[in-house]
Amino acid sequence: MKTKISLLLMLFISVCSFAQQIEINGIVTSESDGMPLPGASVIIKGTSRGTTTDFDGRYIIKADAGEQIEFSYIGFVPQLITVGGQTQINITLQDDVASLNEVVVVGYGTQKKADLTGAISTVKSEDIAKTPSGNIMQSIQGKVAGVQVVSSGSPGGSPTVRIRGVNSYKGGATPLYVVDGMFYDTIDFLDSNQIETISVLKDASSISIFGQAGVNGVIIIETKNGRTEQKPVFTYNGYSGYQNAQNVVKMANAEQFVTMAYESNSQPDIDFVNNAIQRFGRSRVNPNIPDVNTDWYKEILRVAPISSHGIGVTGGSEKTSYSVNANYFSQEGILDMENEYERFNIQSNLTIELSDRLKIGTNAIFSNATQYNPENGAWFQAYSAVPILPIYDYANTQATSTPYSDASLLGYRGTQNPFPTMEYNNNQLKIRKVLTSMFLEYELVPEKLKFKTSYSHDYSTISERNVRLPYFISSQSQRAQSSIRRAELNYSKQIWDNTLTYNDTFGDHSLTLLAGSSYRDYQDNSFEATGNEIQGIDLESSWYLNFANPTTFNDQVKESGDREYSIAFFSRLEYSFKDRYLLNATIRREGDGRFPREIWVTTPAVGLGWVVSEENFMKDNNTINFFKLRAGWGQLANGFLGGSAGTRTVSTTTADIGDTQTNGILTTNTFQNLKREILEETNFGISSRFFNDKLSLEIDYYIRDTKDLVLPKDIPITAEVVDTNIGEMRNQGLEIAANWNQRINDDWSFSVGGNIATLKNEITRIDSEQGYFDTGEAEFRQRLIVGEPVNAFYGWEVAGVYQNADQVAADPTAQNEASANSNQLIPGDFIYKDQNNDGIIDDKDRVVLGSYLPTFTYGGNLNVSYKNFDLSVAVSGQTGNKILNRKRGEVIFTNDTNIDADFAINRWHGEGTTNSYPSSEGRRKAWNQKMSSFFVEDGAYFRVQNIQLAYTIPAKTLGENMPEIRFTCTAERPITVFNYNGFNPEVSDGIDRETYAVPAVYTFGVNIKI
């Protein structure tokens, strides 16, 4: 009886238990691109019950209420969900940025992140798409340690990108861009929403396989593509917004300007003020100033729209994968003139598996852009234009076609008004690119040996049209003749690569061998012609050369062309023992006919790695999950410098020999016969993860030497300069990147990260008698000096300002200046530091005043997700760099211009008022106009780089057939904090005269996925 009762109870409990089980279904997708994840693991935690997702990422599983389902997939963060009463659970898995199984794209192949021995950083698609910009490199600003991105505010402009400083004085600093295996110098044709990843290869051991084209670093970009067995996924990505100038420079207003004119004791300047009063009337507020107070920066600026709209489809069948995308991007400039950029792109990828061993693929991009370049001279004119001049002068009845004002009519030496410059010039570029590539990959031995051949062709054309319209404002501001310049620039770059790759694993050993060749054919052709006196110039339909006077073409027609070939052979060995001892060795031999002195050059590289966490003494460590030591050494040749060029000349000359002038014949040979510069770098690094993979940490220290550095060498007697291999340069620095990822519960998750980098750049050797080279201009000197950064600013150091006559009388340097140069210094003049203490301020007292290269850069990010909301904030900054404020410094050329409000407010105007700024009178003296630390300002800044708030409506939430919808609000560069007296502290070469202001950008976006 008891046995029967027990059986009944067990049956009852079993039935009740079965009754509590719930059938749950759903779909598992990737957060980064929303794609379904086939083969994802779905397991009831603590049991053996489970399943995997199908090709569409769908699953069905039975579970009891209260049980936990664990969703996991290689390369993604696992997610745990507690079963309640729901019957459908859709899961979005986050990419595990620290995952050791993550595959990183390297040169001519891929590697697991755990096996890397070089310095490689990767930025994911979700971070790239947050930045509203026409150039995707803007999106990595502050995100990669050791990479400096200098923003460009001009529509269609590309930012300056430097990886670990500059490696050459004359060989440029532009990295090589590799997009889906194709090689490019610029990537202004890419849509940020189509980017899967950006990998930055920073050290020589990682870059060496690319050869001389990658000497400045390599940026590998993978675009999004479909997957096999994937149903079509349609997407729309769009945003619209506006750009607004921030940190607008405050200029001296009319009252400040007139006050300084009277303080200067310059009678001409006082007369000019009176002329303005007579012409424009007196101010009712202050009758001593004209009734004009123009803020020129405010007048030339505007709020400018920006927008982007893209549609695409990705998918695949059993043997194919594909993607097709189209994008329209439009951006107007904040300079109020014909200044805009418009681009339309079509991109397609197709991969076909013809058999189990043969695969082919093709990639094509068509880009059609129209760009109206600004007249950047307007920025300087707005800085220098006096505030007592209006935009329009209706008393100027002779002006045609618009009565713009002209400062010369008041007596000033310049016209100053920027509006004629902006209105009567039209600079148009039509940029068309056809970028194609195709590959064939065949497995000679299945899963062991494969051969791949690929061909890519970049064909680009630029049609340039510069129109100069006629106008008359005054005798100093006029253009009597119209003109048009037309230019056609054609570029063709063909690359044919062949590789043979062997992969094998035997026992504890893993081996990959790669051998290949690369052939490159670069061609360019340019044709230009200029004609004057255009008939019907008021109509744009007449802006062609056939409307110009044919007699004006003389000496204004030019054509040139060039073609370059190079070929290279390379090989790479990747070896791993027990997944803990790693070796990566590369050698490349490259031939280039531009360097007849040394056509062939061989550059080796080696990388070593030790995964310490795999050792027995590190096993079962609850704190350190992964710890790898890395070291690499490598060489790269610089192919950006022409090897052989020059001319021979014979001329007559006169020279002083003794005390007698002697006539003679001078023969010169300015041929340069260069070797390639060789970059040699040593890199030490640490890759690690801690606390159950929540914290990732990357540290790298590098020393990079450029040998056979090309510098300009003076030829005795002839006063000519020839480039020669006579120097060396070093960059060294420390890079640290850390990131913490944590999921708090089903609703909350966050990540926080940051990176810092140091840079020390210096010239280490110059083979010349004087030991230095002067660069820049005589008035704004820069110099190459051993032990100092490249192109260092060079001048006098300001020690203070004379406050009273007694201080002037007590200073030996002031008295020597008066006696030697008849220059009587007075209170309000600069005190320069006497560096050699000889009592004389001369050239021997000049010192290095700083460099345009920052010595410290940093970035940070915070991401917080709550249910369907997510918020991200990114910051960036730099210190240690200097900016030459040439706008302020050009007072050396003319004194009768305006000055910024900072100077006007802080000028010396009596004892104790300042010890940093000269007086109004002193500003006009040559003594205070020397190239000095007064004009070289601190370029440090801190910026809130990007803020984005987003809300996602999952698919089917609003209805069975409704798509996934994501709304975004983005602010790009909303806050920048700095002390430099300019719009923006980002100046690519550190010299600010006509730098286009970088705006803040605010957008609202919608992303739809069906």
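Residues numbered from 1 in each chain as written. Predicted model: local features only at pLDDT ≥ 70, side-chain atom pairs only at ≥ 80, totals over all residues. Heavy atoms only, no water.

Brief notes about the overall build of the chain
Thought 1: Secondary structure assignment for the chain yields 13 helices and 54 strands.
Thought 2: Taking 2.2 N^0.38 as the reference for a compact globule, 1010 residues should give roughly 30 Å; the C-alpha atoms of the chain span a radius of gyration of 33 Å, in line with that estimate.
Thought 3: In terms of overall dimensions, the chain has a C-alpha envelope of 130 × 70 × 70 Å along the principal axes.
Thought 4: Split into buried and exposed, the 1010 residues of the chain put 51% on the buried side.
Thought 5: Contacts in the chain between residues at least 24 apart in sequence constitute 69% of all its contacts with a sequence separation of at least 6.
Thought 6: For the chain, the exposed surface amounts to about 44000 Å²; the carbon and sulfur share of it is 53%. (Helix = DSSP H or I, 4+ residues; strand = E, 2+ residues; numbered from the N terminus. Rg over C-alpha atoms; globule rule 2.2 N^0.38 Å. Buried < 20%, exposed > 50% of the residue type's maximum accessible area, 1.4 Å probe, protein only. Contact = heavy atoms within 4.5 Å. Areas by Shrake-Rupley, 256 points an atom, 1.4 Å probe, with all protein chains shown as cover.)

Some details on the packing of aromatic side chains
Thought 1: Enumeration over the complete set of coordinates arrives at 34 aromatic pairs.
Thought 2: With a centroid separation of 5.1 Å and an interplanar angle of 70°, the aromatic rings of Trp-379 and Tyr-996 are classed as edge-to-face. With Trp-379 in helix α7 (residues 377-384) and Tyr-996 in the loop between β53 (991-992) and β54 (1000-1009), this pair connects stretches of sequence that are 617 residues apart. In this pair, the class of Trp-379 matches that of Tyr-996, namely buried.
Thought 3: We note Lys-452 situated over the ring of Phe-439; from NZ or CZ to the ring centre the distance is 4.8 Å.
Thought 4: Residue placement shows Arg-520 over the ring face of Phe-183; its charged tip is 4.7 Å from the ring centre. (Phe/Tyr/Trp six-rings, centres within 6.5 Å; stacked < 30°, edge-to-face > 60°. Lys NZ or Arg CZ within 6 Å of the ring centre and 35° of its normal.)

Here we look at the sheet that holds strand β3 (residues 50-52)
Thought 1: Ordered in space as β3-β2-β5-β6, the four strands form an open sheet in which the pairing is antiparallel. Only two strands of the sheet have a single partner each, and these edge strands are β3 and β6 (79-82). Each neighbouring strand pair of the sheet contributes to a mean axis angle of 15°, computed without reference to strand direction.
Thought 2: Inspection of the sheet shows strand β2 (residues 41-44) paired to β3 by three bridges, in the antiparallel sense. Directly across from Val-42, in β3, lies its bridge partner Thr-51. (Pairing = 2+ DSSP bridges. Axes fitted to C-alpha atoms, helices over the stretch in contact; angles between N-to-C directions.)

Some thoughts on the sheet that holds strand β4 (residues 58-64)
Thought 1: One open sheet accounts for three strands, arranged β4-β1-β7; its pairing is mixed. Strands at the two margins of the open sheet, each flanked by one partner only, are β4 and β7 (91-93). Each strand axis lies, on average, 35° off the axis of its neighbour in the sheet, ignoring direction.
Thought 2: Strand direction decides the pairing type here: strand β1 (residues 21-30) and β7, joined by three bridges, are parallel. By the bridge assignment, Thr-29 is partnered in β7 with Thr-92.

Some points on the nonpolar core
Thought 1: Core analysis: the largest hydrophobic core is formed by 78 residues, its most contacted members being Tyr-297, Ile-300, Ile-334, Leu-335, Trp-379, Ile-388 and Tyr-412.
Thought 2: At the level of secondary structure, the elements contributing two or more residues to this core comprise α4 (254-263), α5 (267-280), α6 (296-300), α7, α8 (419-423), β44 (798-801), β45 (830-832) and α12 (901-906).
Thought 3: For Ile-300, the residues in contact, after removing those within four places along its chain, are Ile-334, Leu-335, Asp-336, Ala-378, Trp-379, Ala-382, Pro-418, Phe-419 and Met-422.
Thought 4: Core analysis: the next-biggest nonpolar cluster, separate from the first, contains 24 residues, Met-137, Val-179, Tyr-184 and Ile-219 among them. (Core = buried A, V, L, I, M, F, W, Y, C linked by side-chain atoms within 4.5 Å.)

Things to note about the confidence of the model for the chain
Thought 1: For the chain, per-residue confidence averages 90 on the pLDDT scale, and residues scoring 70 or more make up 93% of the total.
Thought 2: Mean pLDDT across the elements of the chain ranges from a minimum in helix α1 (residues 2-20), with 43, to a maximum in β44, with 98.
Thought 3: Segment residues 1-19 is flagged for pLDDT under 50; beyond a separation of four residues in sequence, or across chains, it makes one contact in the model. (pLDDT = per-residue confidence, 0-100.)

Some remarks on the side chain of Thr-29
Thought 1: Mapping Thr-29 onto the fold places it in strand β1.
Thought 2: At 3.5 Å, the side chain of Thr-29 and the side chain of Thr-92 are in polar contact. (Polar contact = N/O pair within 3.5 Å; in protein donor to acceptor, adjacent residues only side chain to side chain.)

Some words on a nonpolar patch on the surface
Thought 1: Judged by side-chain polarity, Ile-744, Trp-748, Tyr-866, Phe-869, Leu-871, Ile-947, Leu-949, Tyr-951, Phe-967 and Phe-1004 come together as a nonpolar surface patch covering roughly 880 Å² of accessible area.
Thought 2: A per-element tally of the nonpolar patch places strand β51 (residues 941-953) first, with three residues.
Thought 3: We classify Trp-748 as partly exposed; its relative accessible area is 37%. (Patch = residues over 30% accessible without salt bridge, like charges linked within 9 Å, V, L, I, M, F, W, Y side chains within 5 Å. Salt bridge = Lys/Arg side-chain N within 4 Å of Asp/Glu carboxyl O.)

Brief notes about α5
Thought 1: If you check α5, its first and last C-alpha atoms are 20 Å apart, about what 14 residues at 1.5 Å a residue would give, namely 20 Å.
Thought 2: The set of residues buried in α5 consists of Asp-269, Ile-270, Phe-272, Val-273, Ala-276, Ile-277 and Phe-280. On an axial view of α5, the arc spanned by its buried residues comes to 155°, and they lie on one face.
Thought 3: For α5, the elements touching its buried residues are α4. (Expected span 1.5 Å × (residues − 1). Arc of directions from axis to C-beta.)

Digging into the pattern of salt bridges
Thought 1: Taken as a whole, this structure holds 48 salt bridges when the rule is applied.
Thought 2: The closest approach of N and O atoms between Glu-441 and Lys-359, which form a salt bridge, is 3.9 Å. With Glu-441 in strand β22 (residues 425-445) and Lys-359 in strand β21 (residues 358-372), this residue pair connects regions lying 82 residues apart in the sequence.
Thought 3: In this structure, Arg-594 and Glu-564 form a salt bridge, with 3.6 Å as the shortest nitrogen-oxygen distance. Residue Arg-594 is located in the loop between β29 (581-592) and β30 (600-611), and its partner Glu-564 is located in strand β28 (residues 557-577); the two are separated by 30 residues in the primary sequence.
Thought 4: Residue classification places Arg-594 among the partly exposed positions, given a relative accessible area of 22%.
Thought 5: Connected through salt bridges with shared partners, the residues Arg-164, Lys-202, Glu-681, Arg-704 and Glu-735 form a single ionic network.

Here we look at the environment of Arg-432
Thought 1: Along the polypeptide, Arg-432 turns up in strand β22.
Thought 2: For Arg-432 and Phe-189, which are 243 residues apart along the polypeptide, the C-alpha to C-alpha distance reads 9.3 Å.
Thought 3: When residues no more than four places from it in sequence are discounted, the contact partners of Arg-432 are Ser-367, Asn-368, Tyr-459, Ser-460, Thr-461 and Ser-463.

Here's the deal with helix α10 (residues 812-821)
Thought 1: Of the positions making up α10, those classed as buried are Thr-813, Ala-814 and Glu-817. Seen along its axis, α10 keeps its buried residues to an arc of 105°; they face one direction. In α10, the exposed residues that point more than 90 degrees away from the buried face are Pro-812 and Ser-819.
Thought 2: One or two residues past the end of α10 sits Ser-822, with phi positive at roughly 55°.

Overview of unusual backbone geometry
Thought 1: Residue Ser-401 is bonded to the preceding Thr-400 through a cis peptide linkage, with omega at 0°.
Thought 2: Residue placement: Ser-401 occurs in the loop between α7 and α8.
Thought 3: For Tyr-108, which is not glycine, the phi torsion reads 55° and is therefore positive.
Thought 4: Here Tyr-108 falls in the partly exposed class, since its relative accessible area comes to 21%.
Thought 5: Phi is positive for Asp-555, which is not a glycine, with a value near 60°.
Thought 6: In this fold, Asp-555 is placed in the loop between β27 (509-532) and β28.

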